[in-house]
Amino acid sequence: HAADAHRTDLMTITRFVLNEQSKYPESRGDFTILLNHIVLGCKFVCSSVNKGEEQKKLDVLSNEVFIKALVSSGRTCILVSEEDEDAIIVEPSKRGRYCVVFDPLDGSSNIDCGVSIGTIFGIYMVKDDHEPTLADVLQPGKQMVAAGYCMYGSSCTLVLSTGKGVNGFTLDPSLGEFILTHPDIRIPKKGKIYSVNEGNAKNWDGPTAKYVENCKFPKDGSPSKSLRYIGSMVADVHRTILYGGTFMYPADKKSPSGKLRVLYEVFPMSFLMENAGGQAFTGKQRALDLVPTKIHDRSPIFLGSYDDIEEIKALYAAEGKEE
Ligand code: P6P
(Lines give C-alpha, C1' and ligand atoms only; values in the text may rest on other atoms or scores of the structure.)
Protein backbone atom coordinates (compact mmCIF):
# COMPACT_ATOMS: atom_id res chain seq x y z
CA HIS A 1 0.00 0.00 0.00
CA ALA A 2 3.04 2.28 0.35
CA ALA A 3 2.93 3.12 -3.35
CA ASP A 4 -0.80 3.83 -3.13
CA ALA A 5 -0.28 6.00 -0.06
CA HIS A 6 2.33 7.90 -2.06
CA ARG A 7 -0.06 8.18 -4.98
CA THR A 8 -2.86 9.53 -2.81
CA ASP A 9 -0.44 11.82 -0.99
CA LEU A 10 -0.69 14.22 -3.96
CA MET A 11 2.10 16.48 -2.72
CA THR A 12 1.61 19.28 -5.25
CA ILE A 13 4.08 22.14 -5.45
CA THR A 14 1.46 24.45 -3.93
CA ARG A 15 0.87 22.21 -0.92
CA PHE A 16 4.63 21.75 -0.54
CA VAL A 17 5.33 25.48 -0.48
CA LEU A 18 2.32 26.17 1.79
CA ASN A 19 3.75 23.61 4.25
CA GLU A 20 7.15 25.33 4.07
CA GLN A 21 5.73 28.83 4.44
CA SER A 22 3.54 27.79 7.38
CA LYS A 23 6.79 27.55 9.38
CA TYR A 24 6.94 31.36 9.14
CA PRO A 25 4.00 32.71 11.19
CA GLU A 26 4.49 36.17 9.72
CA SER A 27 4.11 34.88 6.16
CA ARG A 28 0.81 35.96 4.66
CA GLY A 29 0.88 33.46 1.83
CA ASP A 30 2.20 36.06 -0.60
CA PHE A 31 5.08 33.85 -1.73
CA THR A 32 2.70 30.96 -2.37
CA ILE A 33 0.51 33.22 -4.50
CA LEU A 34 3.56 34.46 -6.42
CA LEU A 35 4.81 30.91 -6.97
CA ASN A 36 1.40 29.78 -8.21
CA HIS A 37 1.55 32.44 -10.90
CA ILE A 38 5.05 31.34 -11.95
CA VAL A 39 3.75 27.76 -12.08
CA LEU A 40 0.86 28.93 -14.30
CA GLY A 41 3.38 30.44 -16.74
CA CYS A 42 5.38 27.20 -16.76
CA LYS A 43 2.26 25.14 -17.52
CA PHE A 44 1.46 27.43 -20.44
CA VAL A 45 4.98 27.21 -21.89
CA CYS A 46 5.03 23.44 -21.38
CA SER A 47 1.83 23.00 -23.40
CA SER A 48 3.03 25.41 -26.13
CA VAL A 49 6.41 23.67 -26.47
CA ASN A 50 4.67 20.32 -26.70
CA LYS A 51 2.37 21.70 -29.42
CA GLY A 52 5.57 22.32 -31.37
CA GLU A 53 5.13 26.08 -31.67
CA GLU A 54 8.04 27.49 -33.67
CA GLN A 55 10.84 29.31 -31.86
CA LYS A 56 10.19 32.96 -32.78
CA LYS A 57 6.59 32.98 -31.54
CA LEU A 58 7.39 30.89 -28.48
CA ASP A 59 10.11 33.30 -27.28
CA VAL A 60 7.77 36.27 -27.40
CA LEU A 61 4.69 34.35 -26.23
CA SER A 62 6.46 32.91 -23.16
CA ASN A 63 7.77 36.31 -22.16
CA GLU A 64 4.33 37.90 -22.41
CA VAL A 65 2.70 35.08 -20.45
CA PHE A 66 5.19 35.34 -17.60
CA ILE A 67 4.98 39.12 -17.41
CA LYS A 68 1.15 39.06 -17.37
CA ALA A 69 1.08 36.23 -14.80
CA LEU A 70 3.60 37.96 -12.53
CA VAL A 71 1.91 41.38 -12.73
CA SER A 72 -1.56 39.90 -12.18
CA SER A 73 -0.28 38.08 -9.07
CA GLY A 74 -0.27 41.49 -7.35
CA ARG A 75 2.88 40.37 -5.49
CA THR A 76 5.65 41.87 -7.65
CA CYS A 77 7.15 45.37 -7.97
CA ILE A 78 9.99 44.88 -10.47
CA LEU A 79 10.48 42.34 -13.26
CA VAL A 80 13.67 41.76 -15.27
CA SER A 81 13.35 39.55 -18.33
CA GLU A 82 16.07 38.35 -20.69
CA GLU A 83 13.70 39.44 -23.47
CA ASP A 84 13.32 43.07 -22.33
CA GLU A 85 16.09 45.66 -22.49
CA ASP A 86 14.63 47.61 -19.56
CA ALA A 87 13.32 46.46 -16.21
CA ILE A 88 9.53 46.49 -15.82
CA ILE A 89 8.27 48.59 -12.88
CA VAL A 90 4.85 47.23 -11.91
CA GLU A 91 2.04 49.81 -11.74
CA PRO A 92 1.41 50.93 -8.13
CA SER A 93 -2.08 49.40 -7.84
CA LYS A 94 -0.72 45.93 -8.56
CA ARG A 95 2.54 46.10 -6.58
CA GLY A 96 3.81 43.57 -4.06
CA ARG A 97 7.13 43.01 -2.37
CA TYR A 98 8.83 40.56 -4.74
CA CYS A 99 11.24 41.27 -7.61
CA VAL A 100 11.43 38.48 -10.19
CA VAL A 101 14.34 38.10 -12.63
CA PHE A 102 13.78 35.50 -15.32
CA ASP A 103 14.68 34.03 -18.67
CA PRO A 104 11.32 32.89 -20.04
CA LEU A 105 12.79 30.45 -22.54
CA ASP A 106 16.50 29.82 -22.07
CA GLY A 107 18.15 27.84 -24.84
CA SER A 108 15.30 28.63 -27.22
CA SER A 109 17.62 28.33 -30.24
CA ASN A 110 17.36 24.57 -29.55
CA ILE A 111 13.56 24.43 -29.89
CA ASP A 112 13.43 23.49 -33.55
CA CYS A 113 15.64 20.43 -33.04
CA GLY A 114 13.76 19.13 -30.00
CA VAL A 115 16.48 19.66 -27.37
CA SER A 116 15.18 20.40 -23.86
CA ILE A 117 14.87 24.09 -23.00
CA GLY A 118 13.71 25.89 -19.89
CA THR A 119 12.52 28.85 -17.87
CA ILE A 120 14.94 30.12 -15.21
CA PHE A 121 13.86 32.49 -12.41
CA GLY A 122 15.19 34.16 -9.27
CA ILE A 123 13.20 36.02 -6.60
CA TYR A 124 14.30 38.94 -4.39
CA MET A 125 12.14 40.52 -1.69
CA VAL A 126 12.12 44.28 -1.05
CA LYS A 127 12.14 45.34 2.61
CA ASP A 128 9.33 47.87 2.44
CA ASP A 129 6.97 49.39 -0.13
CA HIS A 130 9.27 52.22 -1.26
CA GLU A 131 9.17 53.35 -4.92
CA PRO A 132 10.92 50.42 -6.65
CA THR A 133 14.25 51.16 -8.34
CA LEU A 134 16.90 49.10 -10.14
CA ALA A 135 18.85 48.99 -6.88
CA ASP A 136 16.23 46.48 -5.65
CA VAL A 137 17.39 43.95 -8.28
CA LEU A 138 21.08 44.89 -8.56
CA GLN A 139 21.65 42.75 -5.46
CA PRO A 140 24.08 39.86 -4.93
CA GLY A 141 22.57 36.45 -5.59
CA LYS A 142 22.88 35.51 -1.92
CA GLN A 143 20.03 37.99 -1.27
CA MET A 144 17.61 35.88 -3.31
CA VAL A 145 14.76 34.31 -1.29
CA ALA A 146 14.09 31.64 -3.94
CA ALA A 147 15.21 30.43 -7.36
CA GLY A 148 14.33 27.67 -9.76
CA TYR A 149 13.95 26.42 -13.30
CA CYS A 150 11.35 24.54 -15.29
CA MET A 151 12.72 22.18 -17.93
CA TYR A 152 10.56 21.42 -20.98
CA GLY A 153 11.77 18.06 -22.20
CA SER A 154 10.47 14.49 -22.30
CA SER A 155 8.61 15.54 -19.15
CA CYS A 156 8.10 18.97 -17.59
CA THR A 157 10.16 19.24 -14.41
CA LEU A 158 10.26 22.22 -12.04
CA VAL A 159 13.22 22.38 -9.64
CA LEU A 160 12.90 24.92 -6.82
CA SER A 161 14.76 26.14 -3.75
CA THR A 162 13.47 28.61 -1.16
CA GLY A 163 16.82 28.61 0.62
CA LYS A 164 16.45 25.37 2.57
CA GLY A 165 17.34 22.59 0.13
CA VAL A 166 16.17 21.77 -3.38
CA ASN A 167 13.06 19.88 -4.49
CA GLY A 168 11.91 18.68 -7.92
CA PHE A 169 8.33 18.47 -9.17
CA THR A 170 7.05 16.80 -12.34
CA LEU A 171 3.95 18.00 -14.19
CA ASP A 172 1.23 15.35 -14.23
CA PRO A 173 -0.67 16.40 -17.37
CA SER A 174 -3.77 14.44 -16.35
CA LEU A 175 -4.00 16.46 -13.13
CA GLY A 176 -2.40 19.67 -14.43
CA GLU A 177 -0.37 19.69 -11.23
CA PHE A 178 3.34 19.64 -10.46
CA ILE A 179 3.81 16.65 -8.12
CA LEU A 180 6.85 16.21 -5.82
CA THR A 181 9.05 13.58 -7.53
CA HIS A 182 12.58 14.56 -6.44
CA PRO A 183 12.46 15.39 -2.69
CA ASP A 184 15.61 16.94 -1.15
CA ILE A 185 17.94 16.84 -4.18
CA ARG A 186 21.61 16.59 -3.12
CA ILE A 187 24.36 16.86 -5.76
CA PRO A 188 27.04 14.12 -5.47
CA LYS A 189 30.14 15.49 -3.70
CA LYS A 190 32.30 14.58 -6.70
CA GLY A 191 31.32 13.76 -10.28
CA LYS A 192 32.57 11.90 -13.35
CA ILE A 193 31.24 14.40 -15.93
CA TYR A 194 32.44 17.80 -17.11
CA SER A 195 30.28 20.07 -19.27
CA VAL A 196 31.78 22.92 -21.33
CA ASN A 197 31.80 24.10 -24.94
CA GLU A 198 35.22 22.76 -26.00
CA GLY A 199 34.88 24.78 -29.20
CA ASN A 200 36.05 27.80 -27.16
CA ALA A 201 39.21 26.00 -25.95
CA LYS A 202 41.66 28.13 -27.93
CA ASN A 203 40.44 31.23 -26.05
CA TRP A 204 40.38 29.82 -22.51
CA ASP A 205 42.60 31.14 -19.72
CA GLY A 206 45.21 28.92 -18.02
CA PRO A 207 43.21 27.54 -15.08
CA THR A 208 40.22 26.55 -17.24
CA ALA A 209 42.51 24.89 -19.79
CA LYS A 210 44.36 23.07 -16.98
CA TYR A 211 41.12 21.85 -15.35
CA VAL A 212 39.74 20.48 -18.63
CA GLU A 213 43.14 18.88 -19.37
CA ASN A 214 43.00 17.15 -15.97
CA CYS A 215 39.48 15.87 -16.77
CA LYS A 216 40.81 14.24 -19.96
CA PHE A 217 44.28 13.18 -18.77
CA PRO A 218 43.99 12.76 -14.98
CA LYS A 219 47.41 13.16 -13.31
CA ASP A 220 46.49 10.81 -10.46
CA GLY A 221 45.78 7.92 -12.81
CA SER A 222 42.03 8.05 -12.10
CA PRO A 223 39.70 7.40 -15.05
CA SER A 224 39.03 10.27 -17.46
CA LYS A 225 35.78 12.13 -16.99
CA SER A 226 33.00 12.06 -19.61
CA LEU A 227 32.15 15.19 -21.57
CA ARG A 228 28.44 15.98 -21.78
CA TYR A 229 27.40 19.30 -23.36
CA ILE A 230 23.84 19.91 -24.53
CA GLY A 231 24.16 23.64 -25.10
CA SER A 232 20.95 24.37 -23.22
CA MET A 233 21.79 25.60 -19.71
CA VAL A 234 18.70 24.19 -17.98
CA ALA A 235 19.33 20.71 -19.44
CA ASP A 236 23.07 20.79 -18.63
CA VAL A 237 22.44 22.05 -15.09
CA HIS A 238 19.62 19.53 -14.47
CA ARG A 239 21.94 16.65 -15.40
CA THR A 240 24.69 18.15 -13.24
CA ILE A 241 22.54 18.57 -10.11
CA LEU A 242 21.23 14.99 -10.39
CA TYR A 243 24.37 13.13 -11.57
CA GLY A 244 27.18 15.38 -10.27
CA GLY A 245 30.19 16.87 -12.03
CA THR A 246 30.68 20.40 -13.35
CA PHE A 247 28.97 22.78 -15.75
CA MET A 248 31.18 25.64 -16.97
CA TYR A 249 30.83 28.70 -19.11
CA PRO A 250 34.30 30.23 -18.59
CA ALA A 251 35.58 33.63 -19.60
CA ASP A 252 37.59 33.61 -22.79
CA LYS A 253 39.70 36.12 -24.73
CA LYS A 254 36.70 37.05 -26.92
CA SER A 255 34.22 37.33 -24.01
CA PRO A 256 36.10 38.22 -20.80
CA SER A 257 32.81 38.09 -18.82
CA GLY A 258 31.75 34.80 -20.35
CA LYS A 259 28.33 34.51 -21.98
CA LEU A 260 25.77 33.69 -19.30
CA ARG A 261 23.74 36.42 -17.64
CA VAL A 262 24.20 37.11 -13.93
CA LEU A 263 20.65 37.82 -12.75
CA TYR A 264 18.61 35.17 -14.52
CA GLU A 265 21.09 32.41 -15.43
CA VAL A 266 24.13 32.49 -13.11
CA PHE A 267 22.44 33.49 -9.83
CA PRO A 268 19.42 31.11 -9.91
CA MET A 269 21.56 28.11 -10.91
CA SER A 270 24.22 29.02 -8.32
CA PHE A 271 21.52 29.39 -5.62
CA LEU A 272 20.21 25.91 -6.48
CA MET A 273 23.70 24.37 -6.56
CA GLU A 274 24.62 25.71 -3.10
CA ASN A 275 21.27 24.56 -1.70
CA ALA A 276 21.93 21.08 -3.11
CA GLY A 277 25.35 20.93 -1.41
CA GLY A 278 27.40 22.05 -4.42
CA GLN A 279 29.30 25.23 -5.24
CA ALA A 280 29.28 28.03 -7.83
CA PHE A 281 32.41 30.06 -8.63
CA THR A 282 33.08 32.86 -11.16
CA GLY A 283 36.83 32.31 -11.49
CA LYS A 284 37.35 35.16 -9.04
CA GLN A 285 34.75 34.71 -6.25
CA ARG A 286 31.71 32.82 -4.98
CA ALA A 287 29.09 33.49 -7.66
CA LEU A 288 26.37 34.49 -5.18
CA ASP A 289 28.63 37.23 -3.74
CA LEU A 290 28.84 39.00 -7.10
CA VAL A 291 27.16 42.44 -7.17
CA PRO A 292 25.68 43.15 -10.62
CA THR A 293 26.00 46.70 -11.99
CA LYS A 294 23.56 46.35 -14.91
CA ILE A 295 20.53 44.08 -15.22
CA HIS A 296 21.93 42.18 -18.23
CA ASP A 297 25.49 41.80 -16.88
CA ARG A 298 27.32 38.58 -17.78
CA SER A 299 29.73 36.50 -15.66
CA PRO A 300 31.90 33.42 -16.15
CA ILE A 301 30.51 30.49 -14.14
CA PHE A 302 31.83 27.14 -12.81
CA LEU A 303 29.17 25.23 -10.89
CA GLY A 304 28.54 21.68 -9.67
CA SER A 305 29.92 19.08 -7.26
CA TYR A 306 31.59 20.52 -4.18
CA ASP A 307 34.95 18.74 -4.58
CA ASP A 308 35.19 19.35 -8.34
CA ILE A 309 34.68 23.09 -7.89
CA GLU A 310 37.31 23.07 -5.13
CA GLU A 311 39.79 21.83 -7.77
CA ILE A 312 38.89 24.70 -10.09
CA LYS A 313 39.18 27.25 -7.26
CA ALA A 314 42.65 25.86 -6.40
CA LEU A 315 43.80 26.26 -10.02
CA TYR A 316 42.63 29.89 -10.10
CA ALA A 317 44.21 30.57 -6.70
CA ALA A 318 47.52 29.08 -7.94
CA GLU A 319 47.37 31.28 -11.04
CA GLY A 320 46.78 34.29 -8.81
CA LYS A 321 49.99 33.44 -6.92
CA GLU A 322 52.01 33.04 -10.14
CA GLU A 323 51.11 36.58 -11.30
P1 P6P B 1 27.24 28.13 -26.50
C2 P6P B 1 21.65 29.07 -24.85
O3 P6P B 1 21.79 29.95 -25.95
C4 P6P B 1 22.55 29.58 -23.73
O5 P6P B 1 22.14 30.84 -23.33
C6 P6P B 1 22.50 28.62 -22.55
O7 P6P B 1 21.26 28.01 -22.42
C8 P6P B 1 23.60 27.63 -22.90
O9 P6P B 1 24.20 27.06 -21.76
C10 P6P B 1 24.62 28.51 -23.64
O11 P6P B 1 23.90 29.62 -24.18
C12 P6P B 1 25.30 27.76 -24.78
O13 P6P B 1 26.22 28.65 -25.36
O14 P6P B 1 28.15 29.32 -26.76
O15 P6P B 1 28.00 26.97 -25.93
O16 P6P B 1 26.39 27.75 -27.68
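Throughout, a residue's number is its position along its own chain's written sequence, starting from 1. Totals for whole chains, interfaces and linings use all residues, but because this is a predicted model, local features are given only for residues with pLDDT of at least 70 and pairs of side-chain atoms are given and counted only at 80 or more. Hydrogens and water are ignored here; the side-chain numbers use all heavy atoms of the structure.

- Going by an unreviewed UniProt entry, the protein chain carries the name Fructose-1,6-bisphosphatase, cytosolic and comes from Gossypium arboreum.
- UniProt positions are given in the numbering used here, feature names are shortened, and annotations may be inferred rather than shown by experiment. The Sequence similarities (unreviewed entry) field of the UniProt record for the protein chain holds the comment "Belongs to the FBPase class 1 family."

## Digging into the sheet that holds strand E10 (residues 226-227)
- Note on pairing: DSSP must find at least two bridges between two strands before they are called paired. The helix and strand labels rest on DSSP assignments: H or I over at least four residues marks a helix, E over at least two residues marks a strand, and numbering proceeds from the N terminus. Strand order in the open sheet formed by 5 strands is E10-E9-E11-E13-E12, with mixed pairing between adjacent strands. Strands at the two margins of the open sheet, each flanked by one partner only, are E10 and strand E12 (279-281).
- Whether two residues touch is decided by their heavy atoms; if any such pair falls within 4.5 Å, the residues are in contact. Axis definition: a line fitted to C-alpha atoms, over the contacting stretch in the case of helices. Angles run 0 to 180 degrees between N-to-C directions. Across the face of the sheet, helix H6 (residues 233-243) comes into contact with strand E9 (193-195), strand E11 (246-249) and strand E13 (301-304) while running at roughly 150° to E11.
- Taken strand by strand, helix H8 (residues 306-322) contacts E11, E12 and E13, and its axis lies near 25° from that of E12.

## Details of empty space enclosed by the protein
- The way it works is a 1 Å grid over only the protein atoms, where trapped points that fit a 1.4 Å probe form a cavity and open points with protein on both sides within 12 Å along at least five of seven lines form a pocket, and then any residue with an atom within 4 Å of a point lines it. Grid points are joined across faces, edges and corners, and a volume is the space filled by probe spheres set on the points. A complete count under the given rule lists 2 cavities of 30 Å³ or more for this structure.
- Considered as a void within the structure, the largest cavity measures approximately 40 Å³ in volume.
- Surrounding the largest cavity, Phe 16, Val 17, Glu 20, Leu 160, Ser 161, Thr 162, Lys 164, Gly 165 and Asn 167 form its lining.
- Broken down by secondary-structure element, the contributors of at least two residues to the lining of the largest cavity are helix H2 (13-21) and strand E6 (156-161).
- Of the residues assigned to the lining of the largest cavity, the class counts are 3 nonpolar, 4 polar and 2 charged.
- What the second largest cavity holds in volume is close to 30 Å³.
- In terms of lining residues, the second largest cavity is bounded by Ile 38, Phe 66, Leu 70, Val 100, Phe 102, Thr 119 and Phe 121.
- Of all the elements in the fold, those that place two or more residues in the lining of the second largest cavity are helix H4 (55-72), strand E3 (95-106) and strand E4 (117-125).
- Gly counts as polar in this scheme, as do all residues outside two lists: the nonpolar Ala, Val, Leu, Ile, Met, Phe, Trp, Tyr, Cys and Pro, and the charged Asp, Glu, Lys and Arg. Classifying every residue of the lining of the second largest cavity gives 6 nonpolar, 1 polar and no charged.

## Focus on the nonpolar core
- Formed by 43 residues in total, the largest nonpolar core has its most connected members in Tyr 149, Phe 267 and Met 269.
- Secondary-structure elements contributing two or more residues to this core are strand E1 (76-81), E3, E4, strand E5 (146-152), H6, E11, helix H7 (262-275) and E13.
- Element by element, the count of residues in this core is highest for H7, at 9 residues.
- Sequence-distant contacts of Phe 267, defined by excluding residues within four places in its chain, comprise Tyr 124, Gln 139, Pro 140, Gly 141, Met 144, Val 262, Ala 287, Leu 288, Leu 290 and Pro 292.
- Throughout, nonpolar core names a set of buried Ala, Val, Leu, Ile, Met, Phe, Trp, Tyr and Cys residues whose side chains join them through atoms within 4.5 Å. Here's how the labels work: a residue is buried when its accessible area is under 20% of the maximum for its type, exposed when over 50%, partly exposed in between, all with a 1.4 Å probe on protein chains only. If you look at the next biggest cluster of nonpolar residues, it comprises 37 residues, including Leu 35, Val 39, Val 90 and Cys 156.

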